[in-house]
Amino acid sequence: MTQQTTDGQKDRVVLAYSGGLDTSVCIKWLQEQHNLDVIAVVGDVGQEHDGLEEVKAKALRTGAIECLVVDMREAFAEEYLTRAMAANSLYENKYPLVSALSRPLITKHLVDAAHAYGAKYVAHGCTGKGNDQVRFETSIMALDPDLEIIAPVREWDFNTRPQEMEWAAKHGIEVPTTNKKPYSIDDNLWGRAIECGVLEDPWNEPPDDIYTMTIDPADAPDEPTVVEVSFEQGVPCALDGKKMSYLDIILEMNKIAGGNGYGRLDLIENRLVGVKSRECYEVPGALALIEAHKALEDLCLERNVLHYKLGIEQEWARLVYNGLWFSPLKEALDAFLAHTQQCVTGTVRLRFYKGNLAVTGRKSDFSLYNYELATYDEADAFDHAAAKGFIDLHALTTKVWSQNRRAQGAQSAQFAAVEGTADEFTA
Ligand code: ARG
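Residues numbered from 1 in each chain as written. Predicted model: local features only at pLDDT ≥ 70, side-chain atom pairs only at ≥ 80, totals over all residues. Heavy atoms only, no water.

### Some words on the overall build of the chain
Basically, it comes down to this: Only DSSP runs of H or I with at least four residues qualify as helices, and only runs of E with at least two residues qualify as strands; both kinds are numbered from the N terminus onward. Here the term buried applies to any residue with accessible area under 20% of the maximum for its type, exposed to any over 50%, and partly exposed to those in between, with areas from a 1.4 Å probe on protein chains only. It only takes one pair of heavy atoms within 4.5 Å for two residues to be counted as in contact. The accessible surface values rely on the Shrake-Rupley method and a 1.4 Å probe; as for residues, cover is taken only from the protein chains in view.
Along its length, the chain carries 16 helices and 14 strands. Seen through its C-alpha atoms, the chain measures out along the principal axes to roughly 85 × 65 × 45 Å. A buried classification covers 46% of the 427 residues belonging to the chain. Relative to all contacts within the chain whose residues are 6 or more apart in sequence, the contacts with residues 24 or more apart total 71%. Approximately 21400 Å² of the chain is accessible, and the part contributed by carbon and sulfur atoms is 51%.

As structure tokens, this is what we get:
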């Protein structure tokens, strides 16, 4: 495992570092088992933290030769969450891809750091059972196929956390003394993912202490909160008429929606590696903005585009979930999605109330809603007479089919379809 040095200098590895036990142990592991100098990269993607300077200090204390703290929030919103918004991205129609979206961005910085520091290796602290390892490694291979990947957590054989803590303590790594919540958490601007502990039994109700972004809907205000979200070409650009950056809108929506108890998910999800897992999420801002965006698209997108786009959205979410952010199909779908967003400009009114969200209004200069066509009042401009011929032709193939089945002795066309025993009629 040990890497050879050429000129007496050690080879270098760039490690995705969070400050937690696993990635701290990774620093020492990479030094001791691989004889590498470690450059830690800490990404600020909007996760909860008590100060990333302290995380950096810890990386250095643990033995990293350098630690870069990178504020990725703006880029996360502008380059990643804009595309996620265009795709209304929900894996399996439910999960807004919180972790899946941050991994490629973090990986981009790992690869950049590897180039800047002349590192041959990139490492991450993911387990061998999850999606995140796939996302990191697939993205690394896409961005620089020459870099080598090390996944220490897949190498070491600590079976339990106490074993890992013992190794850590023996190697002078600061071991958390406070009894950390027994969950595995990953969070960013787009929400929080919570798994493990009691959540591993899908029948257990999620305990209240897993939540930090949302309040219990039962404790939510008795008055609804109404907010108007404006979009410019599919990207949120204002709240209640006040121009704001997308990043600030997400932060604000997390507060508004979370403060109304909106945005909790409890679901069973299919991981790429073949495991069904029980996942709890808090995604107040993400879900609210996606709902608003969909409502505006309903108004602005032509029917065929809207319908076709639904399939593209599912495929996009599946690709990104599966770690294929940097891949040719995903990029081609981005081009399609970007094209559809040209006229998704307008405003949607949202009403939050005790854990619920309702869209109560939408308007746009690009609205394809035509009052004269839709109204049942005297302004009605719809050609009612044209409907007859339209339906006659629309139903024609079905009518011919029905006539044939009846001629062949079926009591009704429906009977033939349900029984499906074609030979009864061909005998
Ligand atoms: N299941 C989610 C996903 O694959 C969340 C994973 C987040 N990781 C964690 N340590 N909770 O995107």
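On we go from here.
### What about the packing of aromatic side chains?
Test applied: Stacked, tilted and edge-to-face pairs are distinguished by plane angle, under 30 degrees for stacked and over 60 for edge-to-face with tilted covering the rest, among Phe, Tyr and Trp rings (Trp via its six-membered ring) whose centres lie within 6.5 Å. When the NZ atom of lysine or the CZ atom of arginine is within 6 Å of a ring's centre and also within 35 degrees of its normal, the charge is said to sit over that ring.
In this structure the tally under the stated criterion is 13 aromatic pairs. Ring geometry for tryptophan 29 and tryptophan 167: centres 5.7 Å apart, planes at 50°, overall tilted. Of this pair, tryptophan 29 sits in helix H1 (residues 21-34) while tryptophan 167 sits in helix H7 (residues 161-170), placing them 138 residues apart in sequence. You'll find tryptophan 29 and tryptophan 167 in the same group, each marked buried. Considering the side-chain rings of phenylalanine 158 and tryptophan 167, the 5.9 Å spacing of their centres and the 50° angle between planes classify their relative orientation as tilted. Using a relative accessible area of 17% as the deciding quantity, one classes phenylalanine 158 as buried. Put simply, the rings of Trp29, Trp156, Phe158 and Trp167 pair up and form one aromatic cluster. Against the face of tyrosine 321 rests arginine 135, its NZ or CZ located 4.8 Å from the ring centre. It is arginine 351 that lies over the ring of tyrosine 353; its NZ or CZ is 5.8 Å from the centre.

### Some remarks on the site of the ligand
Defined as follows: Being near a molecule or strand, for a residue, means having at least one of its heavy atoms within 4 Å of it. Polar contact is defined as a pair of N or O atoms within 3.5 Å, subject to the rule that within protein one atom must be able to donate a hydrogen and the other to accept it, and that residues adjacent in sequence are counted only when both atoms are side-chain atoms.
Looking at the ligand, there are 14 residues lining it, with Tyr95, Asn131, Arg135, Ser184 and Glu269 nearest. With respect to the ligand, the side chain of glutamate 269 contributes an N or O atom lying 2.8 Å from a nitrogen atom. In this structure, glutamate 279 approaches the ligand through a side-chain N or O atom, which is 3.0 Å from a nitrogen atom. Within the residue set of the shell around the ligand, elements represented by two or more residues are helix H5 (132-143), strand S6 (184-188), strand S7 (191-195) and strand S12 (276-282). Per-element tally for the shell around the ligand: the top contributor is S6, with 3 residues.

### Here we look at helix H9 (residues 284-300)
Note the cut-off: By this rule, a helix spans an expected 1.5 Å times one less than how many residues it contains.
Here H9 spans 25 Å end to end across 17 residues, near enough to the 24 Å set by a 1.5 Å rise per residue. Of all 17 residues that make up H9, 14 are buried, and the element is covered over most of its length.

### Regarding the nonpolar core
Quick note on the threshold: Side-chain atoms within 4.5 Å are what join buried Ala, Val, Leu, Ile, Met, Phe, Trp, Tyr and Cys residues into a set we call a nonpolar core.
Counting 79 residues, the largest nonpolar core has Leu97, Leu101, Trp190, Met253 and Trp316 as its most contacted members. Of the residues forming this core, the biggest block, 10 residues, is contributed by H9. Core analysis: the second largest hydrophobic core is formed by 27 residues, Val38, Tyr121, Val153 and Ala168 among them.

### Overview of H5
With 12 residues, H5 ought to run about 16 Å at 1.5 Å a step, and its terminal C-alpha atoms sit 16 Å apart, in line with that. Looking only at H5, the buried set comprises Asp132, Gln133, Val134, Arg135, Phe136, Glu137, Ser139 and Ile140. In the core, the buried residues of H5 are packed alongside strand S1 (12-16), helix H4 (98-116), strand S4 (121-123), strand S5 (148-150), helix H6 (152-155) and helix H10 (303-321).

### Describing a negative patch on the surface
Formally: Each patch is built from residues that are more than 30% exposed by relative accessible area and take part in no salt bridge. Like charges join if they lie within 9 Å; nonpolar side chains (Val, Leu, Ile, Met, Phe, Trp, Tyr) join within 5 Å. A side-chain nitrogen of Lys or Arg and a carboxyl oxygen of Asp or Glu constitute a salt bridge if their distance falls within 4 Å. Think of it this way: Lys and Arg go in the positive column, Asp and Glu in the negative one, and His and the chain ends go nowhere. Charge positions come from single atoms, namely NZ of Lys, CZ of Arg, CG of Asp or CD of Glu.
A surface patch of like charges, here negative, comprises Glu74, Glu78, Glu79 and Asp248. Here aspartate 248 is to be found in helix H8 (residues 246-258).

### A word on the side chain of threonine 23
Tracing the sequence through the fold places threonine 23 in helix H1. A relative accessible area of 7% means that threonine 23 is categorised as buried. Those residues in contact with threonine 23, other than ones at most four positions away along the chain, are Leu15, Ala16, Tyr17, Ser18 and Gly125.

### Section: the packing of helix H3 (residues 73-86) against H8
Rules: Whenever a helix is involved, its axis is fitted only over the stretch in contact; in every case the axis is a line through C-alpha atoms, and angles between N-to-C directions fall within 0 to 180 degrees. Working definition: roughly parallel below 35 degrees, roughly antiparallel above 145 degrees, roughly perpendicular at 65 to 115 degrees, and oblique for all remaining angles. We call Asp, Glu, Lys and Arg charged. Ala, Val, Leu, Ile, Met, Phe, Trp, Tyr, Cys and Pro are nonpolar, and the rest, Gly among them, are polar.
H8 packs onto H3 with a crossing angle of 80° between their chain directions and a minimal axis gap of 9 Å. Compared by their axis directions, H3 and H8 come out roughly perpendicular. Residues Arg73, Glu74, Ala77, Glu78, Leu81, Thr82 and Met85 of H3 form the contact with H8, whose participating residues are Tyr246, Leu247 and Ile250. By residue class, the composition of the contact of H3 with H8 is 6 nonpolar, 1 polar and 3 charged.

### Digging into the sheet that holds strand S8 (residues 225-232)
Cut-off, in case you're wondering: Two strands form a pair only when DSSP identifies at least two bridges running between them.
Spatial ordering of the open sheet is given by S10-S9-S8-S13-S14, a layout of 5 strands whose pairing is antiparallel. Here the strands that pair on one side only, and so sit at the sheet edges, are strand S10 (242-243) and strand S14 (356-363). Pairing of strand S9 (residues 235-239) with S10, which is carried by 2 bridges, proceeds in the antiparallel orientation. By the bridge assignment for S10, alanine 238 is matched with lysine 243. Across the sheet, H8 is in contact with S8, S9 and strand S13 (346-353); its angle to S9 comes to roughly 65°.

### Considerations on the sheet that holds S7
Strand order in the open sheet made by the 4 strands is S6-S7-S12-S11, with antiparallel pairing throughout. One side of each edge strand has no neighbouring strand; the edge strands of this open sheet are S6 and strand S11 (264-270). Each strand axis lies, on average, 25° off the axis of its neighbour in the sheet, ignoring direction. Sitting on the sheet, H4 is in contact with S6 and S7, with an inclination near 70° to S6.

### Quick notes on the environment of asparagine 88
Examined against the element boundaries, asparagine 88 turns out to sit in the loop between H3 and H4. For the pair asparagine 88 and glutamine 314, spaced 226 residues apart in sequence, the C-alpha separation works out to 8.9 Å. Discounting chain neighbours no more than four positions away, the residues touching asparagine 88 are Ile290, His293, Lys294, Glu297, Lys309 and Glu313.

The values are spatial; any link to function lies outside them.
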